[in-house]
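Spelled out, the chains give:
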Amino acid sequence: MSEFGFKVTSQSPIASIVKIVRRYKDFSIADIKNKVEKNEYIFTSDVIDKSGNRIMLKCIKELNKANITTQLYESDEAIDLQLLKNWLGSSRQTLIEIEAETELEQEDVDPDAIKEYSYLWTTGQKDWYVIKDEYDYTIMNEKTNQLLLIEDEDLNNQVASMMIMQGNKVIDKNEEDYD
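Bear in mind that the values here come from a model prediction, so they are computed numbers and not experimental data.

Caption draft 1: Seen up close, the overall build of the protein chain. Across its full length, the protein chain holds six helices and eight strands. Traced from its N-terminal end to its C-terminal end, the protein chain shows the element sequence β-α-α-β-α-β-β-α-α-β-β-β-α-β. The C-alpha radius of gyration of the protein chain comes to 21 Å, more than 25% above the 16 Å expected for a compact globule of 179 residues. Seen through its principal axes, the protein chain has C-alpha atoms that stretch 65 × 35 × 25 Å. For the protein chain, long-range pairs separated by at least 24 residues make up 67% of all intrachain contacts whose partners lie at least 6 apart in sequence. Once the 21 positive and 36 negative side-chain charges of the protein chain are each reduced to a mean point, those two points are 12 Å apart.

See below:
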């Protein structure tokens, strides 16, 4: 199985490294010190472990912000941090699309009711986007900054799902920006 891992590549005070790494992983001070001194991975995560990779990215970003340089690896090959950011972003986008498709496969979907809003993903697609949050979807117009209020929550979610499936822009409030 392929995995991501990172090493500390700068000569930085061990206390600074330990302070940051321990926010993300429950390692002893001695373990972290040993890994840095032996040029070993601070920690690793399976490529398919989105949660572990997100934690790793946060740790690396915080270390880098503290002027502690790191190097990311995939299967022992040095890679750019942007690859991990891109992987996490595309994984989240895929999940959003799967959720939208699942929403449209429900038994209570009324295609005629959804069709009434087809202008959102045809002629008006460039102006309308979906905000995805923890619970639902919000439909918004980029030019006017106005919300589209569909009182029937199920219909709102189905229309937003159709917009996602048709390629409208999505702003995901569940995930931080990976840049």
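After that view, the rundown keeps rolling.
Caption draft 2: Main features of the packing of aromatic side chains. Per the counting criterion, the structure on display carries five aromatic pairs. Relative to F43, the ring of F27 lies with its centre 6.4 Å away and its plane at 55°, an arrangement referred to as tilted. Of the two residues, F27 is situated in the loop between α1 (14–21) and α2 (29–37) and F43 in strand β2 (residues 43–46); the sequence distance between them amounts to 16 residues. Using a relative accessible area of 4% as the deciding quantity, one classes F43 as buried. A centroid spacing of 5.5 Å and a plane angle of 70° characterise the contact between Y41 and Y73, whose relative ring orientation is edge-to-face. Placement of Y41 in the loop between α2 and β2 and of Y73 in strand β3 (residues 70–74) is noted, with a sequence separation of 32 residues between them.

Caption draft 3: The arrangement of the packing of α1 against helix α3 (residues 50–65) in detail. It is at 10 Å that the axes of α1 and α3 come closest, and there the two elements cross at 150°. Relative to α3, α1 is oriented roughly antiparallel. Crossing of α1 over α3 shows right-handed handedness. Judged by residue contacts, I17, I20 and V21 of α1 engage C59, E62 and L63 from α3. Class assignment for the residues of the contact of α1 with α3 results in five nonpolar, no polar and one charged.

Caption draft 4: Up close: the sheet that holds β3. With antiparallel pairing, four strands are arranged side by side in an open sheet as β2-β1-β3-β4. Of all the strands in the sheet, just β2 and β4 (77–79) have a single pairing partner and so form its edges. Going from strand to strand, the sheet's axes swing by 30° on average, the running direction of each strand aside. Bridge count between strand β1 (residues 3–8) and β2: four bridges; the pairing is antiparallel. Looking at the pairing, E3 lines up with D46 of β2. Together, β1, β2 and β3 form the strand contacts of α3, whose direction differs from that of β2 by roughly 145°.

Caption draft 5: Fine view of unusual backbone geometry. Non-glycine residue N39 carries a positive phi angle of around 55°. When you line up the elements, N39 lands in the loop between α2 and β2. By relative accessible area, N39 is classed as partly exposed at 43%.

Caption draft 6: Representation of the environment of N67 in the model. Within the fold, N67 resides in the loop between α3 and β3. Exposure remark for N67: the relative accessible area of 67% places this residue in the exposed category. Sequence-distant contacts of N67, defined by excluding residues within four places in its chain, comprise S10 and S12.

Caption draft 7: Structural view of α1. Looking only at α1, the buried set comprises I17, V18, I20 and V21. As for α1, its buried residues are in contact with β1, α2 and α3.

Rules behind the numbers
Residues numbered from 1 in each chain as written. Predicted model: local features only at pLDDT ≥ 70, side-chain atom pairs only at ≥ 80, totals over all residues. Heavy atoms only, no water. Helix = DSSP H or I, 4+ residues; strand = E, 2+ residues; numbered from the N terminus. Rg over C-alpha atoms; globule rule 2.2 N^0.38 Å. Contact = heavy atoms within 4.5 Å. Lys, Arg positive; Asp, Glu negative; His and termini not counted. Charge placed at Lys NZ, Arg CZ, Asp CG, Glu CD. Phe/Tyr/Trp six-rings, centres within 6.5 Å; stacked < 30°, edge-to-face > 60°. Buried < 20%, exposed > 50% of the residue type's maximum accessible area, 1.4 Å probe, protein only. Axes fitted to C-alpha atoms, helices over the stretch in contact; angles between N-to-C directions. Parallel < 35°, antiparallel > 145°, perpendicular 65-115°, else oblique. Left-handed = near helix turned anticlockwise from the far one by under 90°. Nonpolar A, V, L, I, M, F, W, Y, C, P; charged D, E, K, R; others polar. Pairing = 2+ DSSP bridges.

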